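# Tertiary structure, described
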Amino acid sequence: MVENMRLSAHRGAQNTAPENTIEAYEQAIRLGYGAVEIDPRVSSDGEIFIMHDDTVDRTTNGTGNLSSLTSSQIKALEIDVADYPDYQGEILRVPTLDESIKALATGDIVINIDGSKVDWSNVVFTKKVVDMLKKYGVYEKTYFVISNVTQRKAFNTAYPDATLSWLHTDATTINTAISTARSYQKAMLSIPVSIATDAVLTTLRNTSIYYQVYNVDTEEDLERLYTKKVPMVETDTLYPL
């Protein structure tokens, strides 16, 4: 990991293991990533699993919406390993949130919880998540990306000490985003590389707001962001330098 820059593995180290699996998280730790992004979803009977898509079709041997399946049905699914020669012949499963946090807690990993697939105003759900993070001692190393303003405010009311973020995609309103971040006890900004101009990065660097740049998948962009002293960069494909 480059000094003073955390490289975040989007859905785990999916360049070496299937996305959003325990194996992808273990690989991220082994390779020296400084952060991992995960996607919680809730089964029909209330257990929290990790999967990016609405359906299990693309990444497993099953079909249907994850939210329509029971926890037992989801646990019986097998992850598609066709594109990963190192895992041929192995059976990989869809991990629960508990299994994922337990694995990530073994490394020096910041956890990015993508909040776009669940309802953060649901107090039963949010308590489960927060209690789990605290059980493994990683609550302080976790941030919650919640772009829905109503849900973000509800979650912030319940957990004012949680670190919040959201996807800000407009370079022309970066100062407004900074002001919003300052209105929370703890907040950071998440911006795509498409708006990470030198001017935007200079503005962010001159504030006390922590930030990450996501969708970074070229060495050229990574090098530029490093020279601009970006503290965290999220990638699907790049390895830690």
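Read on for an overview of the structure. Because the structure is predicted, anything quoted here is derived from the model rather than measured. Here, residues in each chain are numbered from 1, in the same order as that chain's written sequence. Whole-chain, interface and lining totals are the exception, using all residues; otherwise, since this is a predicted model, local features are given only for residues with pLDDT of at least 70 and side-chain atom pairs are given and counted only at 80 or more. Note that water and hydrogens are dropped before the side-chain values are worked out from all heavy atoms of the structure.

## Section: the sheet that holds strand β1 (residues 6-10)
Applicable threshold: Here the rule is simple: two strands pair whenever DSSP picks up at least two bridges between them. Each helix is a run of H or I in the DSSP string that is no shorter than four residues. Each strand is a run of E no shorter than two, and both are numbered from the N terminus. To define axes, lines are fitted to C-alpha atoms, for helices over the stretch in contact only, and angles between the resulting N-to-C directions are given on a 0 to 180 degree scale. What makes two residues a contact is simply this: any of their non-hydrogen atoms within 4.5 Å.
Spatially, eight strands are ordered β7-β6-β5-β2-β1-β10-β9-β8 in an open sheet, and the strand pairing comes out parallel. In the strand order of this sheet, the two ends are held by β7 (163-165) and β8 (188-192), each with one partner. The mean inter-strand angle of the sheet, taken between neighbouring strand axes irrespective of direction, is 25°. Where strand β5 (residues 110-114) and strand β6 (residues 142-145) come together, four bridges link them in parallel fashion. Looking at the pairing, Ile113 lines up with Phe144 of β6. The strands that helix α3 (residues 97-104) touches are β2 (35-38) and β5; relative to β2, the one it contacts most, it runs at about 175°.

## Let's talk about the packing of aromatic side chains
As a reminder, the rule being used: In summary, the pairing rule links any two rings of Phe, Tyr or Trp, Trp by its six-membered ring, whose centres are within 6.5 Å, and it sorts them by plane angle into stacked for under 30 degrees, edge-to-face for over 60 and tilted for everything else. Only protein chains enter the calculation, and the probe is 1.4 Å; a residue is then buried if its accessible area is under 20% of its type maximum, exposed if over 50%, and partly exposed in between.
On inspection of all chains with the given rule, the structure shows six aromatic pairs. Ring centres 5.1 Å apart and planes at 75° place the aromatic pair Trp120 and Phe125 in the edge-to-face group. Exposure class is identical for Trp120 and Phe125. Each is buried. Ring centres 5.3 Å apart and planes at 45° place the aromatic pair Phe155 and Tyr159 in the tilted group. For the pair formed by Phe155 and Tyr159, the shared burial category is buried.

## Points about the packing of α3 against helix α4 (residues 123-135)
Filter applied, for reference: Angles are sorted into four bins: roughly parallel if under 35 degrees, roughly antiparallel if over 145, roughly perpendicular if 65 to 115, and oblique for all others. For a crossing to be left-handed, the near helix must be turned anticlockwise from the far one by less than a right angle; the clockwise case is right-handed. Residues are grouped as follows: nonpolar covers Ala, Val, Leu, Ile, Met, Phe, Trp, Tyr, Cys and Pro; charged covers Asp, Glu, Lys and Arg; every other residue, Gly included, is treated as polar.
Interaxial distance between α3 and α4 falls to 10 Å at its minimum, and their mutual angle equals 30°. Accordingly, the angle class assigned to the pair α3 and α4 is roughly parallel. In the packing of α3 onto α4, the handedness of the crossing is right-handed. Contacts between α3 and α4 involve Leu97, Asp98 and Ile101 on the former and, on the latter, Val129, Met132, Leu133 and Lys135. For the contact of α3 with α4, the per-class residue count stands at five nonpolar, no polar and two charged.

## Re the nonpolar core
What tends to happen in soluble globular proteins is that the nonpolar side chains get buried as a cluster. Test applied: Only buried Ala, Val, Leu, Ile, Met, Phe, Trp, Tyr and Cys residues count toward a nonpolar core, and they belong to the same one when joined by side-chain atoms within 4.5 Å.
In terms of nonpolar packing, the biggest core is built from 58 residues, with Ile38, Phe144 and Leu189 touching the most fellow members. Beyond its immediate stretch of four places on either side in the chain, Leu189 contacts Ser165, Trp166, Ile174, Ala177, Ile178, Ala181, Leu204, Ile209, Tyr210, Tyr211 and Gln212. Judged by nonpolar contacts, the second largest core, of 15 residues, contains Ala17, Val81, Leu92 and Val94.

## Concerning helix α6 (residues 174-182)
This is how the line gets drawn: Comment: arc refers to directions from the helix axis out to C-beta atoms.
Here α6 has its buried residues at Ile174, Ala177, Ile178 and Ala181. Summarising the axial view, the buried residues of α6 lie within an arc of 100°, below the 170-degree limit, and thus occupy one face. Away from the buried face of α6 by more than 90 degrees, exposed residues Asn175 and Thr176 are located. Those residues of α6 that are buried lie in contact with β8 and α7 (198-205).

## Some remarks on α4
Short version of the rule: Helix span is expected to be 1.5 Å times the residue number reduced by one. Any pair of nitrogen or oxygen atoms within 3.5 Å is treated as a polar contact; in protein, a donor-acceptor pairing is required on top of that, and neighbouring residues in sequence qualify only through side-chain atoms on both sides.
Relative to the 18 Å expected for 13 residues at 1.5 Å per residue, α4 spans 18 Å between its end C-alpha atoms, a close match to the ideal helical length. Burial in α4 covers these residues: Phe125, Thr126, Val129, Val130, Met132 and Leu133. Projection of α4 onto a plane perpendicular to its axis shows the buried side chains occupying an angular sector of 160°, all on one side. Residues of α4 that are exposed and point over 90 degrees away from its buried face: Val123, Val124 and Lys135. Where α4 is buried, its residues touch β3 (40-42), β4 (48-50), α3, β5, β6 and α5 (149-158). Taking the backbone nitrogen of Val124 as reference, a side-chain oxygen 3.0 Å away marks Asn122 as the first, capping residue of α4. Residue Gly137 follows α4 closely and has a positive phi angle near 70°.

## Let's talk about unusual backbone geometry
The phi dihedral of Arg11 is positive, around 65°, even though this residue is not glycine. Among the secondary structure elements, Arg11 is positioned in the loop between β1 and α1 (22-31).

## Looking at the side chain of Arg41
Take Arg41: it is sitting in strand β3. Note on Arg41: relative accessible area 9%, which makes it buried. A polar side-chain atom of Arg41 sits 2.6 Å from the main-chain carbonyl oxygen of His52. Apart from the residues within four sequence positions on either side, Arg41 is in contact with Glu47, Ile48, Phe49, Met51, His52, Asp53, Asp54, Leu66, Lys117 and Val118.

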